[in-house]
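Secondary and tertiary structure notes
One letter stands for each residue in the lines below.
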Amino acid sequence: MQIKNLEEYNIAYEESVKDPERFWASVAEHFEWQKKWDKVLEWNFTSPDIKWFINGKLNITENCIDRHLATKARDVAFYFEENEIGKPVREITYQKLHDEVCRLANVLKSFGVKKGDRVCIYLPMIPEAVYALLACARIGAVHSVVFGGFSAQSIKDRINDSSCKVVLTSDGAYRGNKQIPMKATVDEALVDCPSVTNVLVYKRINGKVNMLNGRDHDWETEVKKQETVCTAEIMDSEDPLFILYTSGSTGKPKGVVHTCGGYMVYTCYSFLNVFQYEPGQIYWCTADVGWITGHSYITYGPLLAGATSVIFEGVPNYPDAGRFWNVVDKIKVNVFYTAPTAIRALEAAGLDFVKPHSLSSLKVLGSVGEPINEEAWQWYHKNIGKEKCPIVDTWWQTETGGILISPLANITKTKPGFATLPLPGVQPVLVDDKGKIIEGNGVEGNLCIKFPWPSIIRTTYGDHERCRQTYFATYSNLYFTGDGCKRDEDGYYRITGRVDDVINVSGHRIGTAEVESAINECEEVVESAVVGYPHDIKGQGIYAYCIVPKSSRSHDEIRKEILNTVNKIIGPIAKPDKIQIVNGLPKTRSGKIMRRILRKVAEGDVSNLGDTSTLLDPAVVEEIVKGKI
Ligand code: PRX
C-alpha cells in the first residue's frame, strides 16, 4: 500500500487513472472485510450517485483496533498529553483502546442506540472523544461531532438536523488557563431537541453540572457497568459512518455524509503515503476531533495503519508559545502535522520559544487547512524542521474525506506554498468560469475533480439536492471544490483560496451568510455584509459592514452587542475582527450587494475599485471608504 519512491508514485498514479477499479481493489485487499465487495465502483456525478466496494461488508473499528491486537495489543495507540504542563504522559495501548471502545459501545446499546441512529459528540480533546467516535462506529451508529467551540444554538441546529438520539459530552474543558463549560451549553441546546433521550457526561474538570434525572448519566459509572467485549456490527460499505457539518456559501451548515468502506480505504492509504509513516514512529496531528482532520488523521487513518499518535488537550500558547516544541521533545514526535495559523502565531512569538527545544526527533512536517504563505513555510522548514524535514502541504476538505493533493514525504520534491501533486486516484482539473477545462501548465482556474475517489462525499444529510447543487451542478460532470488554484510550469498545484463566499479564519471554515444572519439578529442592525480580509496570523479575518439607523447607543455598544450575538448564535470562532457601522451597502440596481467592492475596502485596496457603473448609489461607496476601520 505504501509507495516508496517517485518511480513507484508515477506508476501508481498512471495505474490509478488507467484502471481505477483495479487500482483501488488492490488497496482494499489490505483490509479485513466480513465479505468482499461484488463490484468496486458505480458512479455518476449528475445525481450524484457514488458507490465504492459495492456489497462489501465490514466494520471500520475491527480494522482500526481488533486487527492489530494479535501483534500490537501492548503497543501505544495514543499518548495523551494533558492541558496542564508537567503531568506524566498517559499511554493508551491498542488493548486498552479496544476495551474502552467496547465498553462505551455497550453503554450506547444500553441507551437503545441501534445501527443507523445518530449520536452527537461534544467533547474536549481527550481520549474519550476518540473512544466516542469509535464506539458509535462499533455498533453502526452514525456520529455527528460538534466542535467544542460552537454555541448552544449551533449544537441545537446540528442535533435537530439529523435527529440525534444521544449526546456524549463532558462537564467542561481545559483550554490553556481557562475552563470552558460544555454540559451547561448542551443543556441550553437540549431545551429544544426532542429527539435526544440520553446524555452521557464525562467528568473532566469536576465542575458542578445539572444532571437531569432519567436523561443524564455519569460516564464513568455507566462505563464501569459494561463488559470489554462488544461484537462489531456488520456494515455495508455504503452505510453512513458519520455526518460532519460544514459551512458553505449559503444557508446553514450542511451535514457532509461519509460512508464506511471507501472512507476506510482512502484515509489509511493517504495517511501511509503522505506522511510515509513507518512502524514505531510517533505521529502528532494537532487538530481537534471536531473537524475533519481530527476524524481522518487523528482517529481513523492512523489507527487503520496501526500507528502511534499523540492526543493533545491544550493550546499552542499555554503556558507559553513553546508548548508544541516541549511536547515534541517530551514524546519524541517524528511526524508533526499542524495548521498555518498556528505556525504564524508561533513565529510571531519569536525564536526564544523554540531555541530551548532540540526537536531532533522530527522527520516529517505537515500543514493543513489553509494556504500556507511562503514566509511561514520557510520559518517552519528552517526553525522547526532544521532544513531536514520535508513539509507536506496537504490540500483537502471535509467533503473529500482525505488528503487529495500533497507531496509524499521525502518522495515528492516540495515547493513553498504548493500542495504539489495529486495522490494516486485523484484527477484534478482546472476550469474557467464557463466550465471549460484549462489544459496545459502555467495556468489558473477553479479547481474541480473529474473522477471519484473512495472517500468522496456521498450526500448532505437529509437533503441530497443540496449536495448536488453545491458540488456537482456548477460544472457538469465535475466535483467542484470551491477553491481557486494555479498549476505551474512543473504541473504543481497551488491552492489560492476560496472563490465563493466562504472564508477561512485560522483554518476554520466560516460561511459569510451564516455570520450575516447571526448579526442581523441584533435588534439595531438592519442589514449586514460580511467579507474576509488578509490577516497576519489568522490567514483571513472577518470584516462586517452593518447598517444601523440612528440610535441612542454608541457605536462601541452596538459593536459589543454584535459580537455577543455572533458568539451566542455561532460561537467565538465566528466573531468579526472588524465591524464598520454604515448607512448603506453598495448594491446593484437589482439589489445585489457588490461584495467585490466591500472586499477591496476591507483589504485596504481602495485605489481601484473596478467597475462601479452598475451601482445604485455610488455615494454609499465613498462613505464606506471614508469610514474604513
Ligand atoms: O480552501 C481550502 C482550505 O480549506 C478548505 C476546506 O476546509 P475544511 O472543509 O474545513 O477542511 C479543512 C481541513 C482539510 C479548502 O476548500 N484548505 C485546506 N487545506 C489547504 C487549504 N488551502 C490551501 N492549502 C491547503 N493545504
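These numbers were taken from a predicted model, which means no experiment stands behind them. (Residues numbered from 1 in each chain as written. Predicted model: local features only at pLDDT ≥ 70, side-chain atom pairs only at ≥ 80, totals over all residues. Heavy atoms only, no water.)

**Let's talk about the overall build of the protein**
- Scanning the protein from N- to C-terminus turns up 18 helices and 31 strands.
- Principal axes of the C-alpha set define a box for the protein whose edges measure 75 × 60 × 55 Å.
- Looking at the 629 residues of the protein, the share that counts as buried comes to 61%.
- For the protein, the exposed area adds up to about 24200 Å²; of that, 48% sits on carbon and sulfur atoms.
- Treating the 73 positive side-chain charges of the protein as one cloud and the 79 negative ones as another, the clouds have centres 1 Å apart. (Helix = DSSP H or I, 4+ residues; strand = E, 2+ residues; numbered from the N terminus. Buried < 20%, exposed > 50% of the residue type's maximum accessible area, 1.4 Å probe, protein only. Areas by Shrake-Rupley, 256 points an atom, 1.4 Å probe, with all protein chains shown as cover. Lys, Arg positive; Asp, Glu negative; His and termini not counted. Charge placed at Lys NZ, Arg CZ, Asp CG, Glu CD.)

**Details of the site of the ligand**
- Residues in close proximity to the ligand total 17 residues, the closest being Asp 393, Thr 394, Thr 398, Asp 483 and Arg 509.
- Here a nitrogen atom of the ligand sits 2.7 Å away from a polar atom, N or O, in the side chain of Asp 393.
- A distance of 2.8 Å separates a nitrogen atom of the ligand from a polar backbone atom of Thr 394.
- Notes on the ligand: free accessible area 540 Å², of which the protein chains cover 96%.
- Those elements that place two or more of their residues in the shell around the ligand are helix H10 (292–304), strand S20 (391–394) and strand S26 (493–498). (Near = heavy atom within 4 Å. Polar contact = N/O pair within 3.5 Å; in protein donor to acceptor, adjacent residues only side chain to side chain.)

**A look at the sheet that holds S26**
- Strand order in the open sheet made by the 5 strands is S22-S21-S23-S25-S26, with antiparallel pairing throughout. What marks the edges here is a single partner per strand, and that holds for strand S22 (437–438) and S26.
- As paired elements, strand S25 (residues 479–487) and S26 share 5 bridges and run antiparallel to each other. Following the sheet pairing, Lys 486 is matched in S26 by Arg 494. (Pairing = 2+ DSSP bridges.)

**Here's the deal with the state of the cysteines**
- Tallied over the entire structure, the rule returns 0 disulfides.
- Take Cys 64: it sits in no disulfide, and the sulfur closest to it among the cysteines is that of Cys 268, at 8.6 Å.
- Judged by its relative accessible area of 0%, Cys 64 is buried.
- Cysteine Cys 546 remains unbridged, with the sulfur of Cys 522 as its closest cysteine sulfur at 7.7 Å. (Disulfide = S-S within 2.5 Å.)

**So, the pairing of strand S17 (residues 308–312)**
- Most of S17 is tucked away: 5 of the 5 residues are buried.
- The side-chain alternation of S17 yields two buried faces, one formed by Thr 308, Val 310 and Phe 312 and the other by Ser 309 and Ile 311.
- Where strand S16 (residues 282–285) meets S17, 3 bridges bridge the pair, whose relative direction is parallel. Residue pairing across strands places Trp 284 opposite Val 310, the latter belonging to S17.
- In this fold, the crossover linking S16 to S17 by way of H10 has right-handed handedness. (Right-handed = clockwise from strand over helix to strand, strands pointing away.)

**So, the pattern of salt bridges**
- Taken as a whole and judged by the stated rule, the model has 40 salt bridges.
- Between Asp 187 and Arg 215 there is a salt bridge, with its nearest N and O atoms 3.1 Å apart. A residue pair is termed long-range when its members are at least 10 positions apart, and Asp 187 in helix H7 (residues 183–190) and Arg 215 in the loop between strand S11 (198–202) and strand S12 (216–218) qualify at 28 residues. Take Asp 187 and Arg 215: they sit in the same class, and that class is buried.
- Of the charged contacts, one joins Arg 599 and Asp 501 as a salt bridge, the two residues approaching to 3.3 Å between their closest N and O atoms. Residue Arg 599 is located in helix H17 (residues 595–603), and its partner Asp 501 is located in the loop between S26 and strand S27 (502–505); the two are separated by 98 residues in the primary sequence.
- With relative accessibility at 31%, the residue Arg 599 sits in the partly exposed group. (Salt bridge = Lys/Arg side-chain N within 4 Å of Asp/Glu carboxyl O.)

**Quick word on the side chain of Asp 393**
- Position of Asp 393 among the secondary structure elements: in strand S20.
- In this structure, Asp 393 is buried with no salt-bridge partner, the nearest side chain bearing the opposite charge being Arg 494 at 7.9 Å.
- In contact with Asp 393, not counting residues within four places along its chain, are Ser 367, Ile 372, Ile 405, Ser 406, Pro 407, Gly 417, Phe 418 and Ala 419. (Contact = heavy atoms within 4.5 Å.)

**Overview of the domain arrangement of the protein**
- Domains assigned within the protein are domain 1 (60–74 + 94–233) and domain 2 (502–626).
- Taken over C-alpha atoms, the centre of domain 1 sits 37 Å from the centre of domain 2.
- Between domain 1 and domain 2, the residue contacts involve 6 residues of the former and 7 residues of the latter.
- Together, the buried faces of domain 1 and domain 2 total about 490 Å²; carbon and sulfur atoms form 60% of this surface.
- Counting across the domain 1 and domain 2 interface gives 0 salt bridges.
- A per-class count over the side of domain 1 that touches domain 2 returns 2 nonpolar, 4 polar and no charged. (Domains from an automatic or database assignment. Buried area = accessible area lost by both parts, 1.4 Å probe. Nonpolar A, V, L, I, M, F, W, Y, C, P; charged D, E, K, R; others polar.)

**Looking at the nonpolar core**
- Ranked by internal contacts, the top residues of the largest apolar core, which has 125 residues, are Leu 97, Phe 275 and Tyr 300.
- Non-local contacts of Tyr 300, meaning those with residues more than four positions away in its chain, are made with Ile 60, Cys 64, Leu 133, Leu 134, Ala 137, His 143, Leu 241, Tyr 263, Thr 267 and His 295.
- If you look at the next biggest cluster of nonpolar residues, it comprises 40 residues, including Val 167, Leu 190, Val 196 and Ile 570. (Core = buried A, V, L, I, M, F, W, Y, C linked by side-chain atoms within 4.5 Å.)

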